[in-house]
Amino acid sequence: MGFRPVERISGEPLTRVRAGRAGTLIFAKIPFIPAIDSILSSPIEYLKGVGPQRAELIRKELEIFSFRDLLEHFPFRHVDKTVVMPIATVNPGMDFVQVAGKLMSLELVGTKGGRRL
């Protein structure tokens, strides 16, 4: 079922509120609320947990600049991380894979500040 364009009635925007019987859509008028519009146009770095450095990364990689952009962002792919594959079935052609294993031994390499596993 496709969507057909909806025209504005008397200049007021319409939005889909809920689906009616037999797949029909019910629309309602959206009032313009300046406070909500100003919140949605706030820069992304004002979102809790997003600082200036992460905001710059989000702007560069995802082109998300405001709260509104974030709400309207739809990812183009989803990586399913619930499937754990045996290592024997992994091949180089796989883009994303999740494996589980058990560390049998551990060796520290390097000296003091340059140590790594």
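Let's talk about the overall build of the protein chain
Phase 1: Across its full length, the protein chain carries 3 helices and 2 strands.
Phase 2: Going from N to C terminus, the protein chain has its helices and strands arranged as β-β-α-α-α.
Phase 3: Across the 117 residues in the protein chain, those meeting the buried criterion constitute 9%.

A closer look at the environment of glutamate 63
Phase 1: Locating glutamate 63 in the fold gives a position in the loop between helix 2 (52-62) and helix 3 (67-71).
Phase 2: Taking the C-alpha atoms as reference points, glutamate 63 and histidine 73, separated by 10 residues in sequence, lie 9.3 Å from one another.

Description of the environment of threonine 89
Phase 1: With respect to the helices, strands and loops of the structure, threonine 89 is situated in the segment after helix 3.
Phase 2: Placed 10 residues apart in sequence, threonine 89 and valine 99 show a C-alpha to C-alpha distance of 9.9 Å.
Phase 3: Engagement of the side chain of threonine 89 in a polar contact is seen with the backbone oxygen of proline 86, the distance being 2.8 Å.

Some thoughts on the confidence of the model for the protein chain
Low pLDDT means the predicted atomic positions in that stretch should not be read closely.
Phase 1: Residue-level pLDDT values for the protein chain average 75, and 68% of them are 70 or greater.
Phase 2: For the protein chain, the element scoring lowest by mean pLDDT is strand 1 (residues 14-19), at 49; helix 2 scores highest, at 92.
Phase 3: Taken together, the stretch residues 1-10 has pLDDT below 50 and engages in 8 contacts with residues farther than four places along the chain or on a different chain.

Examining the nonpolar core
Phase 1: Of all hydrophobic cores here, the largest spans 7 residues; its members are Leu40, Ile44, Val50, Ala55, Ile58, Ile64 and Phe67.
Phase 2: If we skip the residues at most four places from it in the chain, leucine 40 touches Ser66, Phe67, Arg68 and Leu71.

Quick look at the pattern of salt bridges
Phase 1: Overall, the coordinates contain 2 salt bridges when judged by the stated rule.
Phase 2: Among the ionic pairs, arginine 59 bridges to glutamate 45, the shortest N-O distance being 2.1 Å. On the criterion of sequence distance, the pair formed by arginine 59 in helix 2 and glutamate 45 in the loop between helix 1 (34-40) and helix 2 is long-range, its members being 14 residues apart.
Phase 3: For glutamate 56, the salt bridge identified is with arginine 59, shortest N-O distance 3.0 Å. Of this pair, glutamate 56 and arginine 59 both sit in helix 2, separated by 3 residues, roughly a single helical turn.
Phase 4: A residue is classified by how much of its surface remains accessible, and glutamate 56, at 41% relative accessible area, is partly exposed.

Brief notes about a nonpolar patch on the surface
Phase 1: Taken together, the side chains of Ile87, Val90, Val97 and Val99 define a hydrophobic patch exposed on the protein surface, amounting to about 320 Å² of accessible area.
Phase 2: Within the secondary structure layout, valine 99 lies in the segment after helix 3.

What counts as what
Residues numbered from 1 in each chain as written. Predicted model: local features only at pLDDT ≥ 70, side-chain atom pairs only at ≥ 80, totals over all residues. Heavy atoms only, no water. Helix = DSSP H or I, 4+ residues; strand = E, 2+ residues; numbered from the N terminus. Buried < 20%, exposed > 50% of the residue type's maximum accessible area, 1.4 Å probe, protein only. Polar contact = N/O pair within 3.5 Å; in protein donor to acceptor, adjacent residues only side chain to side chain. pLDDT = per-residue confidence, 0-100. Contact = heavy atoms within 4.5 Å. Core = buried A, V, L, I, M, F, W, Y, C linked by side-chain atoms within 4.5 Å. Salt bridge = Lys/Arg side-chain N within 4 Å of Asp/Glu carboxyl O. Patch = residues over 30% accessible without salt bridge, like charges linked within 9 Å, V, L, I, M, F, W, Y side chains within 5 Å. Areas by Shrake-Rupley, 256 points an atom, 1.4 Å probe, with all protein chains shown as cover.

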